[in-house]
Amino acid sequence: QVQLVESGGGLVQAGGSLRLSCAASGSAFSIAAMVWYRQAPGKQRELVAAINGGGSTNYADSVKGRFTISRDNAKNTVYLVMNSLKPEDTAVYYCNADIRNSGSDGWYAGWGQGIQVTVSS
């Protein structure tokens, strides 16, 4: 089974920056789209940014111009650089990926365990 492990979260002051990473590990697999979601207390999980296998990206309106998603296919890793952070960016951030095990025709959604990002005012 492929595992997704997030890192890079923490506490930062408003206006600051953080870089999240999500690395996929396992044996013999392929990854298509990779997505960052977030969930704030009492709110639904929302898409933050997505990147497909070709490098095309998509962002939530609330983070456009502040966040940048990228990926390193050789490392099976997706990054989220978050600049000009605001208190409303405080949430648990989750990594999601479309995964296919080698020899299988089916794709499934993998999820990381989530990582806390807290932005103080």
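Residues numbered from 1 in each chain as written. Predicted model: local features only at pLDDT ≥ 70, side-chain atom pairs only at ≥ 80, totals over all residues. Heavy atoms only, no water.

Novice: Talk me through the overall build of the protein; I want residue IDs and the actual numbers.
Specialist: Looking only at helices and strands, one finds zero helices and 11 strands in the protein. Ordered by position in the sequence, the α and β elements of the protein form the string β-β-β-β-β-β-β-β-β-β-β. The C-alpha atoms of the protein give 14 Å as radius of gyration, which agrees with the globular expectation for 121 residues (14 Å, within 12%). Reported as C-alpha extents along the three principal axes, the dimensions of the protein are approximately 50 × 25 × 25 Å. (Helix = DSSP H or I, 4+ residues; strand = E, 2+ residues; numbered from the N terminus. Rg over C-alpha atoms; globule rule 2.2 N^0.38 Å.)

Novice: Kindly report on the sheet that holds strand β8 (residues 77-82), identifying the contributing residues and their values.
Specialist: In sheet architecture, strand pairing relies on hydrogen bonds along the backbone and comes in two forms, parallel and antiparallel. As summarised here, the arrangement of the four strands in space is β1-β3-β8-β7, forming an open sheet in which the pairing is antiparallel. Strands with a single pairing partner mark the edges of an open sheet, and in this sheet they are β1 (3-7) and β7 (67-72). Ignoring strand direction, the axes of neighbouring strands in this sheet form an average angle of 15°. As defined by bridge partners, strand β3 (residues 18-25) adjoins β8 across six bridges and the pair is classed as antiparallel. Paired with L18 across the strands is M82, a residue of β8. (Pairing = 2+ DSSP bridges. Axes fitted to C-alpha atoms, helices over the stretch in contact; angles between N-to-C directions.)

Novice: If you had to explain the environment of S84 to someone new, which residues and values would you point to?
Specialist: Inspection of the secondary structure assignment puts S84 in the loop between β8 and β9 (91-101). Taking relative accessible area as the criterion, S84 reaches 41% and is therefore assigned partly exposed. Spatially, the C-alpha atom of S84 lies 13 Å from that of T118, the residues being 34 residues apart in sequence. Once residues within four sequence positions are removed from consideration, S84 is found in contact with G15, G16, S17, R66 and D89. (Buried < 20%, exposed > 50% of the residue type's maximum accessible area, 1.4 Å probe, protein only. Contact = heavy atoms within 4.5 Å.)

Novice: Can you lay out the side chain of R66 for me, pointing to particular residues and giving the numbers?
Specialist: Relative to the helices and strands, R66 is located in the loop between β6 (57-59) and β7. If we skip the residues at most four places from it in the chain, R66 touches V81, M82, N83, S84, L85, K86 and D89.

Novice: Summarise the nonpolar core; cite the residues concerned and give the values.
Specialist: W36, L80, M82 and Y93 are the most contacted members of the largest nonpolar core, which totals 32 residues. Elements that contribute at least two residues to this core include exactly β3, β4 (29-39), β5 (46-51), β7, β8, β9 and β11 (115-120). When residues in this core are grouped by element, the largest group, five residues, is from β9. (Core = buried A, V, L, I, M, F, W, Y, C linked by side-chain atoms within 4.5 Å.)

Novice: Explain the pairing of β11 residue by residue, including any values.
Specialist: With burial as the criterion, only one face of β11 is covered, namely that bearing I115, V117 and V119; the residues Q116, T118 and S120 on the opposite face remain uncovered. As paired strands, strand β2 (residues 10-13) and β11 are joined by four bridges and run parallel to one another. Pairing of G10 across the sheet is with V117, part of β11. Bridge analysis of β9 against β11 gives three bridges, and the strand direction is antiparallel. Within β11, the residue paired with A91 across the bridge is V117.

Novice: Requested: an account of the side chain of R38, with residues and values cited.
Specialist: Here R38 is to be found in strand β4. A distance of 3.4 Å separates polar atoms of two side chains, one belonging to R38 and the other to S62. Separated by 2.9 Å, the side chains of R38 and D89 make a polar contact. Setting aside its immediate chain neighbours within four residues, R38 contacts Q44, R45, E46, V48, S62, V63, F67, E88, D89, A91, V92 and Y93. (Polar contact = N/O pair within 3.5 Å; in protein donor to acceptor, adjacent residues only side chain to side chain.)

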